[in-house]
Amino acid sequence: MDKRRCPCGKGMMEQKRRAKGVNFRGVEMDVACRAYVCPHCGLESGCVADVHEAQRSIAEAYRAKIGMLTGAEIRTFREERHLSLDALAEQLGVPAEVLQGWEEGTVQAPEMDLRLRKAFGRE
Ligand SMILES: [Zn+2]
């Protein structure tokens, strides 16, 4: 497990999972994130890699909460239909990188969510 020394000098920080209350686009939700916590002085800090994970968690929680397809659902439905990123992207009329972004944590526009649902037969 990845460990870091605390600036207090008393020892190593431990990695902990935290539920963080966030407000994204006006929607309140709890997002799981990782933080480094010092058991000696209580200092808590995130790391760069966690920012990416947190952004992805926020995008997933946000989409689930407002009833949009999540990135995990988009990937699952695409794979169930044996569609490549390129094939589905072409069907939707978007670049493959954009579709990949939705699967990995970018929030799609509502009209794109409808197009995805149509493509998956989940209107
Ligand atoms: Zn400390």
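In the annotation of an unreviewed UniProt entry, the protein chain is listed under the name HTH cro/C1-type domain-containing protein and assigned to Desulfoluna limicola.

S.K.: Explanation requested: the sheet that holds strand E1 (residues 4-5) in the structure shown.
M.R.: Strand order across the open sheet formed by four strands is E1-E2-E3-E4, with antiparallel pairing between neighbours. Two strands lie at the open edges of the sheet, namely E1 and strand E4 (44-45), each paired on one side alone. With 11 bridges connecting them, strand E2 (residues 12-24) and strand E3 (residues 27-37) associate as antiparallel partners. Considered in E3, the bridge of glutamine 15 is made with tyrosine 36.

S.K.: Even after reading the chapter, I still don't get the coordination of the zinc ion, so can you show me in this structure?
M.R.: Tetrahedral metal sites with four donors have an ideal angle of 109.5 degrees; octahedral sites with six donors have ideal angles of 90 or 180 degrees. The coordination sphere of the zinc ion, as far as protein atoms go, consists of Cys6 (SG), Cys8 (SG), Cys38 (SG) and Cys41 (SG), spread over 2.2 to 2.3 Å. What the four donor atoms of the zinc ion show is an angle range of 98 to 122° at the metal, which sorts the shape as tetrahedral. For the zinc ion, the single-chain donor residues occur in sequence as C-x1-C-x29-C-x2-C. Within this pair, whereas cysteine 8 is found in the loop between E1 and E2, its partner cysteine 38 is found in the loop between E3 and E4, the two being separated by 30 residues in sequence. Cysteine 38 gets classed as buried once you look at its relative accessible area, which sits at 2%.

S.K.: How do you make sense of the nonpolar core when you look at a structure like this?
M.R.: Across soluble globular proteins, nonpolar side chains have a tendency to be buried as a group. Residues Leu92, Leu99, Trp102 and Leu116 are the most contacted members of the largest nonpolar core, which totals 14 residues. Sorting the residues of this core by element identifies helix H2 (71-80), helix H3 (85-92), helix H4 (96-104) and helix H5 (110-120) as the ones contributing at least two each. Here this core takes four residues from H5, the largest share from any one element. Counting residues in each nonpolar core, the second largest holds nine residues, with Val27, Ile58, Met68 and Val107 among its members.

S.K.: I tried to follow the domain arrangement of the protein chain on my own but got confused; where do I start?
M.R.: Frequently, the measure chosen for interface size is the accessible area removed from exposure when the parts meet. For the protein chain, the assigned domains are domain 1 (13-66) and domain 2 (71-120). Here domain 1 and domain 2 have C-alpha centroids that lie 25 Å from each other. Buried area between domain 1 and domain 2, both sides added, is near 580 Å², and the carbon and sulfur share of it is 48%. Ranking the residues of domain 1 by area buried against domain 2 places Arg56, Glu60 and Arg63 at the top, with a combined share of 71%. Where domain 1 touches domain 2, the interface holds zero salt bridges. Viewed at the interface, domain 2 and domain 1 are joined by six residue pairs in polar contact (both at pLDDT 80 or more). Sort the elements by how many residues they give to the side of domain 1 that touches domain 2 and helix H1 (residues 48-66) lands first, with six residues. In the side of domain 1 that touches domain 2, the residues fall into three nonpolar, one polar and four charged.

Reading the values: rules and limits
- Residues numbered from 1 in each chain as written.
- Predicted model: local features only at pLDDT ≥ 70, side-chain atom pairs only at ≥ 80, totals over all residues.
- Heavy atoms only, no water.
- Pairing = 2+ DSSP bridges.
- Helix = DSSP H or I, 4+ residues; strand = E, 2+ residues; numbered from the N terminus.
- Donors = N, O, S within 2.8 Å, 3.2 Å for Na, K, Ca; no water.
- Tetrahedral: all angles 85-135°; square planar, octahedral: opposite > 155°, others 65-115°.
- Buried < 20%, exposed > 50% of the residue type's maximum accessible area, 1.4 Å probe, protein only.
- Core = buried A, V, L, I, M, F, W, Y, C linked by side-chain atoms within 4.5 Å.
- Domains from an automatic or database assignment.
- Buried area = accessible area lost by both parts, 1.4 Å probe.
- Salt bridge = Lys/Arg side-chain N within 4 Å of Asp/Glu carboxyl O.
- Polar contact = N/O pair within 3.5 Å; in protein donor to acceptor, adjacent residues only side chain to side chain.
- Nonpolar A, V, L, I, M, F, W, Y, C, P; charged D, E, K, R; others polar.

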